[in-house]
Structures are given as C-alpha cells and as structure tokens.
Amino acid sequence: MSDASTITSPTPDPDAALLARARSGDFAAFEELVTQYERAIFSVTLRILNNRADAEEIVQETFLSVVQHLDRFEGRSSFRTWLFRIATNHALKRLRKRRGLRTTSLDGAGTGEGAGDDAPLPHPQTIAPWKTDPLALASAGETREILDRAIGALPEKYRLVFLLRDVQGLSTEETAEALGLTLSNTKVRLLRARLMLREDLTRQFGDPERRLAPHEH
C-alpha cells in the first residue's frame, strides 16, 4: 500500500474560476483577466520590441487571440503560461517582420546568436566585487536605465528566458513551456543570461580598485 502522504497533486490554476466564467460568456471575468495580466504582458513585449506603440498593439493582439482561442485552452498548462506564450510569439513575429526576417522557432536554431546551448560556459572576463549591494542597486531609480539597457543587450534567446523567469516570475518549468523549450535548455539559457548580465553590470558597478584579472589559459 502506497503512502498517501508522498503523493503530490498538480497545483490548481489560480485563474481557473475566472476562466470558467469567461468561457461561459461572462465578459466581466475576461476583463478581470485582462486587468490582471495586461501590465505584465506590456512589460515583456516592450523589452522585446523596445517600442511602446508596438508593445501596446501586441497586448491587444494577445488578448484578441485569447478570446478567439479560449475554447481551445485545455488546461494542460496554467493560463498564465499559455498567455505569455501567445504574447511572446506575437512579439517575435512583429520583431522579425520589422527586421525583414523569416519567423523562426524559439529554439534559436539558425539565429547566429552566440554559442549554442551545449557549448561550454564562458569564463568571466570582468571579475570584481560590487561597490554597492546588487539588490540596493536594482531598487535605485537612477540605475534603472542601466539595468534596462543591460537586459536589452542580451541575445534574444537568452533575454526571453531571463524576462519570463527572473523579471515576470514564472517558474523555470512555466518558462520552458511558454517558450516551447526543454527544461534543460531553459536552465542553461537562464544561467547564460545571468552570467552575461552579471558581467555587463560588473563593468558598471564593480570596484575597479579590487578588480581581478581573469585566469590565463
């Protein structure tokens, strides 16, 4: 006989009740979902597109897609995961259309964005203790522009993982599902994004008097 205490049930979707009402035609419930998520969707798409007007349009396109396909949502992922996947796909299509590129998959194949996910992690070139605590820097208004610029400089496939996981707070599993990636690839990309961001910000905030030279190879 198995120990019932070791059995874990899936975490219920916190949006399940609103979804049920929205599917039954309750527009107020749908408006509540929009209000709950529109700011987060705008934040992500703005960082992808770097254009407020485009980001605002993508928010509209995302929720229009939700209305059109709400009856197809099977609940195998959370509503939030499904919503971010729709928004990210719309934003990437807009970005690649702007660049005159073909729409490609989110796995980054053929994008030429740096090393592949299975390549060895690069050794940091800038190593120095920070003059100020990173959390204090992150909350300081005057550093927001520097942080945003550093995030924006990340290669697209790493930036997307970082935005969903570390900025919007999705779990690693939700991030993988939203982007259509394997869990292992998501973890590697997240680590690369964090390393790249840390090194970039260390150039800005590291104490030059305590900077260490990278190891010679």
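Description of the structure in this document.

Rules of the game
- Residues numbered from 1 in each chain as written.
- Predicted model: local features only at pLDDT ≥ 70, side-chain atom pairs only at ≥ 80, totals over all residues.
- Heavy atoms only, no water.
- Helix = DSSP H or I, 4+ residues; strand = E, 2+ residues; numbered from the N terminus.
- Polar contact = N/O pair within 3.5 Å; in protein donor to acceptor, adjacent residues only side chain to side chain.
- Contact = heavy atoms within 4.5 Å.
- Axes fitted to C-alpha atoms, helices over the stretch in contact; angles between N-to-C directions.
- Parallel < 35°, antiparallel > 145°, perpendicular 65-115°, else oblique.
- Left-handed = near helix turned anticlockwise from the far one by under 90°.
- Nonpolar A, V, L, I, M, F, W, Y, C, P; charged D, E, K, R; others polar.
- Phe/Tyr/Trp six-rings, centres within 6.5 Å; stacked < 30°, edge-to-face > 60°.
- Buried < 20%, exposed > 50% of the residue type's maximum accessible area, 1.4 Å probe, protein only.

### Regarding the side chain of Thr172
Phase 1 of the analysis: Within the secondary structure, Thr172 sits in helix α8 (residues 172-179).
Phase 2 of the analysis: A polar contact of 3.2 Å, which involves the side chain of Thr172, links it to the side chain of Arg165.
Phase 3 of the analysis: Excluding residues within four positions of it along the chain, Thr172 makes contact with Arg165, Leu183, Thr186 and Lys187.

### Digging into the packing of helix α4 (residues 79-99) against helix α7 (residues 156-167)
Pairs of packed helices are described in terms of their axes, by the angle between the two and the distance that separates them.
Phase 1 of the analysis: One can describe the packing of α4 onto α7 by two numbers: an axis separation of 13 Å at closest approach and a directional angle of 150 degrees. Between α4 and α7, the angle falls in the class roughly antiparallel. Considering how the two elements wind past one another, α4 and α7 form a crossing that is right-handed. Across the interface between the two elements, Phe84, Thr88, Leu92, Leu95, Arg96 and Arg99 of α4 pack against Glu156, Leu160 and Leu164 of α7.
Phase 2 of the analysis: Classifying every residue of the contact of α4 with α7 gives five nonpolar, one polar and three charged.

### Here's the deal with the packing of aromatic side chains
Phase 1 of the analysis: Following the criterion strictly, the structure yields six aromatic pairs and no others.
Phase 2 of the analysis: With a centroid separation of 6.3 Å and an interplanar angle of 85 degrees, the aromatic rings of Phe30 and Phe63 are classed as edge-to-face. Linking Phe30 in helix α2 (residues 27-49) with Phe63 in helix α3 (residues 52-69), this pair joins segments that are 33 residues apart in sequence. Note on accessibility: Phe30 and Phe63 belong to one class, buried.
Phase 3 of the analysis: Their ring planes at 55 degrees and their centres at 6.0 Å tell us that Phe79 and Trp82 sit as a pair that is tilted.

### Some thoughts on the environment of Phe30
Phase 1 of the analysis: With relative accessibility at 11%, the residue Phe30 sits in the buried group.
Phase 2 of the analysis: It is 7.5 Å that separates the C-alpha atoms of Phe30 and Leu19, two residues lying eleven residues apart in sequence.

### Some details on the side chain of Thr62
Phase 1 of the analysis: Along the polypeptide, Thr62 turns up in helix α3.
Phase 2 of the analysis: Classification of Thr62 as buried rests on a relative accessible area of 0%.
Phase 3 of the analysis: If we ignore the near neighbours within four places in the chain, the residues touching Thr62 are Ile41, Leu83, Ile86, Ala87 and His90.

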